[in-house]
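Topology and contacts: notes
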Amino acid sequence: MKKNMNNFSKELFIPIIDNIKFKKFDEALILLNNLSDQNPNIINRFKGSIYLSKKDWKKSLFYYQKMSDTEKNFKILNNMGFALFKLGKYSEASQKFKQSLDYNNGFIAAYENLIISLKLTGNYELSIKYILLVMDLIPTNQKFKNLLIDIFNYHKPKINENSIININHQINNLNIKKDLLVQHSSIYNILQKSEEILRE
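Residues numbered from 1 in each chain as written. Predicted model: local features only at pLDDT ≥ 70, side-chain atom pairs only at ≥ 80, totals over all residues. Heavy atoms only, no water.

1. A few points about the packing of aromatic side chains
- Applying the stated criterion across every chain, the model contains 7 aromatic pairs.
- An aromatic cluster of three or more residues is present, and its members are Tyr51, Phe62 and Tyr63. (Phe/Tyr/Trp six-rings, centres within 6.5 Å; stacked < 30°, edge-to-face > 60°.)

See the structure below:
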């Protein structure tokens, strides 16, 4: 018998959501298994998220992959990337994080995950470009400034110290500069200098 893809009874999912809220994941899964007549995309989304919370990365990925492509929003794609990342599949994870950003280019969690994945695969130049995109969105975020400095220290520990000092100074100035055009100019200068260092 073909499942009704549009069948959804909100009341049936309330106890499942309550169980998830109180971290009663096994109880939630039992309830989900009894809802075979409901929209499978919703069931698989719940199961994928529950197994992600249980840190069962393979099962989480399995259920997310069963969802229709049209139902995979930016959060689901990010979660899939996170599961792949935890399984050590950094290149595949990066692709999912990029897809997440294609849906929502302001989703900071996907930027952070993508930057870390790219860094672990040695793609430092692209990592820097994504860091600067985030810094363009939220110039005062210290976490991404630290990621940028960390990449320089990790990738080129013996580069000209004056170059690093110059970049650090420009990064810290983003906190002070209020004018948006000045911030954009500073970010562009950081990007240029970063690319010069990576080519050395």
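What follows continues from the structure just given.
2. Notes on the pattern of salt bridges
- All told, the structure shown has 4 salt bridges when counted by the stated rule.
- One salt bridge connects Asp26 with Lys54, and the closest N-O pair in it is separated by 3.0 Å. Here Asp26 is found in helix 2 (residues 25-33), whereas its partner Lys54 is found in the loop between helix 3 (40-53) and helix 4 (57-65), with 28 residues between them in sequence.
- Judged by relative accessible area, which is 46%, Asp26 ranks as partly exposed.
- Ionic pairing is found between Lys119 and Asp150, a salt bridge with its closest N-O pair at 2.2 Å. Placement of Lys119 in helix 7 (residues 108-120) and of Asp150 in helix 9 (residues 142-155) is noted, with a sequence separation of 31 residues between them.
- Residue classification places Asp150 among the partly exposed residues on the basis of a relative accessible area of 31%. (Salt bridge = Lys/Arg side-chain N within 4 Å of Asp/Glu carboxyl O. Helix = DSSP H or I, 4+ residues; strand = E, 2+ residues; numbered from the N terminus. Buried < 20%, exposed > 50% of the residue type's maximum accessible area, 1.4 Å probe, protein only.)

3. A short note on the nonpolar core
- Core analysis: the largest hydrophobic core is formed by 32 residues, its most contacted members being Leu101, Ile115, Tyr130, Ile131, Phe144 and Leu148.
- With 7 residues, the single largest contributor to this core is helix 8 (residues 124-137).
- Setting aside residues up to four positions removed in sequence, Ile115 forms contacts with Ser127, Tyr130, Ile131, Val134, Phe144 and Leu147.
- Counting 12 residues, the second largest nonpolar core, distinct from the first, contains Phe13, Leu29, Ile50 and Tyr63. (Core = buried A, V, L, I, M, F, W, Y, C linked by side-chain atoms within 4.5 Å. Contact = heavy atoms within 4.5 Å.)

4. Let's talk about the environment of Leu137
- Within the fold, Leu137 resides in helix 8.
- Contact partners of Leu137, with chain neighbours within four places excluded, come to Asn105, Gly106, Ile108 and Tyr111.

5. Observations concerning helix 1 (residues 10-21)
- For helix 1, which comprises 12 residues, the first-to-last C-alpha distance of 16 Å matches the rise-based estimate of 16 Å (1.5 Å per residue) to within 8%.
- Within helix 1 the residues assigned to the buried category are Phe13, Ile16 and Asn19. Buried residues of helix 1, seen end-on, are gathered within an arc of 110 degrees and therefore sit on one face of the element. Looking at helix 1, the residues exposed on the side facing more than 90 degrees away from the buried face are Lys10, Glu11 and Lys21.
- The positive-phi residue at the C-terminal boundary of helix 1 is Lys23, with phi of around 60 degrees. (Expected span 1.5 Å × (residues − 1). Arc of directions from axis to C-beta.)

6. Considering the packing of helix 7 against helix 8
- At a minimum axis distance of 8 Å, the contact between helix 7 and helix 8 shows a crossing angle of 160 degrees. One finds that helix 7 runs roughly antiparallel with respect to helix 8. The chirality of how helix 7 crosses helix 8 is left-handed. Seen from helix 7, the contacting residues are Ile108, Tyr111, Leu114, Ile115, Leu118 and Lys119; seen from helix 8, they are Tyr124, Leu126, Ser127, Tyr130, Ile131, Leu133, Val134 and Leu137.
- Partitioning the contact of helix 7 with helix 8 into residue classes produces 12 nonpolar, 1 polar and 1 charged. (Axes fitted to C-alpha atoms, helices over the stretch in contact; angles between N-to-C directions. Parallel < 35°, antiparallel > 145°, perpendicular 65-115°, else oblique. Left-handed = near helix turned anticlockwise from the far one by under 90°. Nonpolar A, V, L, I, M, F, W, Y, C, P; charged D, E, K, R; others polar.)

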